[in-house]
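In case you want the letters, here they are:
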Amino acid sequence: MINSLRGMNDILSDDEYARYTYFIKTATDIASKYGFHFIETPILEETALFKRSVGESSDIVGKEMYQFRDKGENDVCMRPEGTAGVVRAFIQKKLDKAGGVHRYFYHGPMFRYERPQKGRLRQFHQFGVESFGIASVYEDATMIMMVSDILKALGIGYRLQLNSLGDQNCMPTYRDNLVKFIESCEDEICEDCRRRKDTNPIRVLDCKNAHCQSLYANAPKLINNLCSPCNDDFTTLKKILDDNDIAYEIDTHLVRGLDYYSKTAFEFVSDNIGSQSAIAGGGRYDRLVEFLDGRPTPAVGFAMGIERLMELIVMPENSREGYYMGAMDEEAVALIVSLTHKKRATDRVTIDYKAKNLKNHLKAADKVNAQFCCVIGTNELENGTIWVKDLQNRSEEIIDIETF
Ligand code: HAM
């Protein structure tokens, strides 16, 4: 027997399907209300796209990419995240030159060759949002409000962690100071941090090693060393969140695992799903369009991990939908096929082509979560009627086929 690859799951059971589709519907409805439009980018992209955006020194590019040469000897990669592809599409369509505001949402599979564990997959799904053309920190707040609205609509509690990563004015000085600090305790830090000191020093701050963490408690903090525009934006962001009753914690060690961020960085975490607790993450990336050869364009976005959220969604009780059609007599099958075709113009309809007794039809209608179980037996066939049971409020009636 051939099984799926490690860390790659099927979304197969009725419950998983219901949760997945309910999430996508809720998130896309909310993103549309915020004025965002659907974008779909390819799963395969040139490897260089991720090297230049996510960053050569990141774990994603360094260790986790599904990278190979295709039959034309092109160096390609299965996307580990969605932002780089959306930025590539934005530049390729020359929207950076057109100016104005462009807002997109997307969802689909992402691939990272990580060590699989609960909540950490090698193929997982993200719902993401990217906004181009707005430098105002109000757009950062809008992103956070959108994640908060989506989580609220799904009945999911969260903690929001917030940081500022500064910009090209304040980050380099901070980085130099941090390197000096790391050098002062270099003998005590882990192997990974020693490597990070040379490749991407701020990544030491989110090292998982407890001893490293205890040392970095005394490290200089970027939010105390921001230049005045970054500091003003961070202060404004906190005020907007306060004014809109969105609680947050400042986490000075939140640096995110992707290199393209500047200024606002945020993560939504859940305390109810174990160690892989990040359910959404994002931030501002004002330099990325330029890094990928576009015209400088401010941008901000986020992505949510759908598998992690599926565990937490509180499904609405009243989730019955549409019709189930069945026949109790072989001769009625053709008629229910025609009625199903007609009904599908407006409603979701499940049909069973096999003649069965009423009890079995009711069971099947319940299993597919239909609201109405509609059955034609010998009597109904003779009288030109159909028996309809409302499984929501348990009422039943006989309806003339002409008016069904
Ligand atoms: P990220 O933090 O790498 O950000 O991923 C976003 C979310 O994807 C995480 O919070 C988590 O819920 C989920 N996730 C990540 N890796 C895995 C995994 N191995 N298994 C299951 N779920 C996972 C990004 O990808 C950025 N592109 C977000 C962004 C958009 N920033 C700006 N725009």
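Preceding block: the structure.
I will try to describe carefully the structure that is included in this document. (Residues numbered from 1 in each chain as written. Predicted model: local features only at pLDDT ≥ 70, side-chain atom pairs only at ≥ 80, totals over all residues. Heavy atoms only, no water.)

## Side note on the sheet that holds strand S10 (residues 278-284)
What counts here: Should DSSP find at least two bridges between two strands, the strands are taken to pair. Secondary structure elements are taken from DSSP: a helix is a run of H or I of four residues or more, a strand is a run of E of two residues or more, and numbering for both begins at the N terminus. Here, residues are in contact when the closest pair of their heavy atoms is within 4.5 Å. Fitting a line to C-alpha atoms yields each axis, with helices limited to the stretch in contact; the angle taken between N-to-C directions then spans 0 to 180 degrees.
Taking strand neighbours across the sheet as the criterion, the eight strands line up as S1-S5-S6-S11-S10-S9-S7-S8 in an open arrangement whose pairing is mixed. Both outer strands of the open sheet, strand S1 (37-38) and strand S8 (249-250), are each paired with one neighbouring strand and no more. As judged from the six bridges shared by strand S7 (residues 159-164) and strand S9 (residues 262-269), these two strands associate in the antiparallel manner. From the neighbouring strand, Leu 162 faces S9, where its bridge partner is Phe 266. Running over the sheet, helix H6 (residues 137-153) touches strand S5 (102-111), strand S6 (123-132), S7, S9, S10 and strand S11 (299-305) and is turned about 15 degrees from S11.

## A closer look at the pattern of salt bridges
To keep things clear, this is the line we draw: Take a side-chain nitrogen of Lys or Arg and a carboxyl oxygen of Asp or Glu: if they are within 4 Å of each other, that pair is a salt bridge. Throughout, exposure labels follow a simple rule: accessible area from a 1.4 Å probe, protein chains only, divided by the maximum for the residue type, with under 20% read as buried, over 50% as exposed, and the rest as partly exposed.
Under the defined criterion, the tally for this structure stands at 26 salt bridges. Glu 183 is the partner of Lys 197 in a salt bridge, and the nearest nitrogen-oxygen pair spans 3.6 Å. Here Lys 197, found in helix H8 (residues 191-199), pairs with Glu 183, found in helix H7 (residues 171-184); they are 14 residues apart in sequence, far enough to count as distant. We note a salt bridge from Lys 356 to Asp 352, for which the minimum N-O separation is 2.4 Å. The class for Lys 356 is partly exposed, based on a relative accessible area of 27%. Taking relative accessible area as the criterion, Asp 352 reaches 14% and is therefore assigned buried. Connected via shared salt-bridge partners are Glu 183, Glu 186, Lys 197 and Asp 198.

## Considering unusual backbone geometry
Despite not being glycine, Lys 94 has its phi angle at roughly 60 degrees, a positive value. Among the secondary structure elements, Lys 94 is positioned in the loop between helix H4 (83-92) and helix H5 (95-98). Looking at Lys 94, the relative accessible area reads 56%, which means it is exposed. One non-glycine residue, Asn 369, lies in positive phi territory at about 65 degrees. With respect to the element layout, Asn 369 can be found in the loop between helix H14 (358-367) and strand S14 (372-376). For Asn 369, a relative accessible area of 30% gives the class partly exposed.

## Things to note about the packing of helix H1 (residues 14-33) against H6
To characterise two packed helices, one gives the angle between the axes of the helices and the distance between these axes. Rules: Roughly parallel means an angle under 35 degrees; roughly antiparallel means over 145; roughly perpendicular covers 65 to 115; every other angle is labelled oblique. Two helices that cross are described as forming a left-handed crossing if the nearer one is turned anticlockwise from the farther one by less than a right angle, and a right-handed crossing if clockwise.
Where H1 contacts H6, the axes come no closer than 10 Å and their chain directions differ by 140 degrees. In terms of their interaxial angle, H1 and H6 are classed as oblique. Crossing handedness for the pair H1 and H6: right-handed. Of H6, the residues touching H1 (which contributes Tyr 22, Phe 23, Thr 26, Ala 27, Ile 30 and Ala 31) are Met 146, Asp 149, Ile 150 and Ala 153.

## Some words on the pairing of S11
Most of S11 is tucked away: seven of the seven residues are buried. The alternating pattern of S11 places Ala 299, Gly 301, Ala 303 and Gly 305 on one face and Val 300, Phe 302 and Met 304 on the opposite face, and all of these are buried. Pairing geometry for S6 and S11, over seven bridges, is antiparallel. Bridging from a neighbouring strand, Phe 127 pairs with Met 304 of S11. Bridge analysis of S10 against S11 gives five bridges, and the strand direction is antiparallel. Bridge pairing links Gly 283 to Gly 301 in S11.

## Focus on the pairing of strand S3 (residues 66-69)
In the sheet, S3 pairs with strand S4 (residues 75-78) via four bridges, with the strands oriented antiparallel. Considered in S4, the bridge of Tyr 66 is made with Met 78.

## Here's the deal with the packing of aromatic side chains
What describes a pair of aromatic rings is the distance from one ring centre to the other and the angle between the planes of the rings. What counts here: Only centres within 6.5 Å qualify two rings of Phe, Tyr or Trp (six-membered ring in Trp) as a pair; their planes then separate them into stacked at under 30 degrees, edge-to-face at over 60, and tilted for everything else. Only Lys NZ and Arg CZ are tested; either one counts as a charge over a ring when it is within 6 Å of the ring centre and within 35 degrees of the ring normal.
Throughout the structure, instances matching the rule amount to 14 aromatic pairs. Centroid distance Tyr 323 to Phe 404: 5.9 Å. Interplanar angle 90 degrees. Geometry classified as edge-to-face. Of this pair, Tyr 323 sits in strand S12 (residues 323-327) while Phe 404 sits in the segment after strand S16 (396-400), and the two are 81 residues apart along the sequence. Take Tyr 323: its relative accessible area is 13%, and that puts it in the buried class. With relative accessibility at 10%, the residue Phe 404 sits in the buried group. One aromatic cluster is present, built from ring pairs that chain together Phe 90, Tyr 104, Phe 132, Tyr 260, Tyr 261 and Tyr 285. One cation-aromatic arrangement involves Lys 343 over Phe 404; the distance from NZ or CZ to the ring centre is 4.6 Å.

## A word on the side chain of Glu 64
As a reminder of what qualifies: The sign given to each residue is positive for Lys and Arg and negative for Asp and Glu; His and the chain ends receive no count.
Here Glu 64 is to be found in the loop between helix H3 (59-63) and S3. Of the side chains with opposite charge, Arg 112 lies nearest to the buried Glu 64, which makes no salt bridge, at 5.0 Å. Apart from the residues lying within four places of it in its own chain, the contact partners of Glu 64 are Asp 59, Phe 111, Arg 112, Tyr 113 and Glu 114.

Function cannot be inferred from these measures alone, as they are strictly geometric.
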